[in-house]
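A look at the structure
Residues per chain, in single letters:
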Amino acid sequence: MGISVSAAISQANQLRNYATQLRNLKTSLNGFQGNINSAWQATEVQYINQAIAEINRELNSIASKLDSVAPDIISVANQIKREEEAAARAAAEARRKAEEEAQKRADARAPHLR
């Protein structure tokens, strides 16, 4: 059983979807931050803003990593598939040559049977 490139593509697309969801979450978080800043005037807001900024940095970082891994998954899956196909071709060629050699040896041992 070889690698399924279509499954790898599906998984890579799912990673991209997760990255998009993280970016959407960041947008929602920024909306909440705006509401907090406009409705709440206290010293705690400064700490909330710092926490939201840190969360946004993390969301961006994770989303970027997911986006960068997705094409690598597809590329590696395609490479593995090519290697599997090459190995299968080499094995088939080796079997063919072995069968030819066996037939030559059999023909050499019993020329009167032809």
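Structure report, in brief.

Conventions and cut-offs
Residues numbered from 1 in each chain as written. Predicted model: local features only at pLDDT ≥ 70, side-chain atom pairs only at ≥ 80, totals over all residues. Heavy atoms only, no water. Helix = DSSP H or I, 4+ residues; strand = E, 2+ residues; numbered from the N terminus. Expected span 1.5 Å × (residues − 1). Buried < 20%, exposed > 50% of the residue type's maximum accessible area, 1.4 Å probe, protein only. Contact = heavy atoms within 4.5 Å. Core = buried A, V, L, I, M, F, W, Y, C linked by side-chain atoms within 4.5 Å. Salt bridge = Lys/Arg side-chain N within 4 Å of Asp/Glu carboxyl O.

As a further point, take helix α2 (residues 44-109). Taking 1.5 Å per residue, 66 residues should reach 98 Å; α2 reaches 95 Å between its end C-alpha atoms and fits that length. Buried within α2 are the following residues: V45, I52, N56, L59, A63, L66, A70, I74 and A77. Where α2 is buried, its residues touch α1 (5-39).

Ranked by size, the top nonpolar core spans 6 residues in total: L15, A19, L22, L59, A63 and L66. For this core, the secondary-structure elements that each account for two or more residues are α1 and α2. Once residues within four sequence positions are removed from consideration, L15 is found in contact with L66, V69 and I73.

Take the pattern of salt bridges next. A complete count under the given rule lists 5 salt bridges for this structure. Across the salt bridge formed by R96 and E93, the nearest N and O atoms sit 2.3 Å from each other. In this pair, R96 and E93 are both assigned in helix α2, 3 residues apart and thus about one turn of the helix distant. The class of E93 is partly exposed, set by a relative accessible area of 32%. Ionic contacts of the salt-bridge type, sharing partners, join the residues E93, R96 and E100 into one network.

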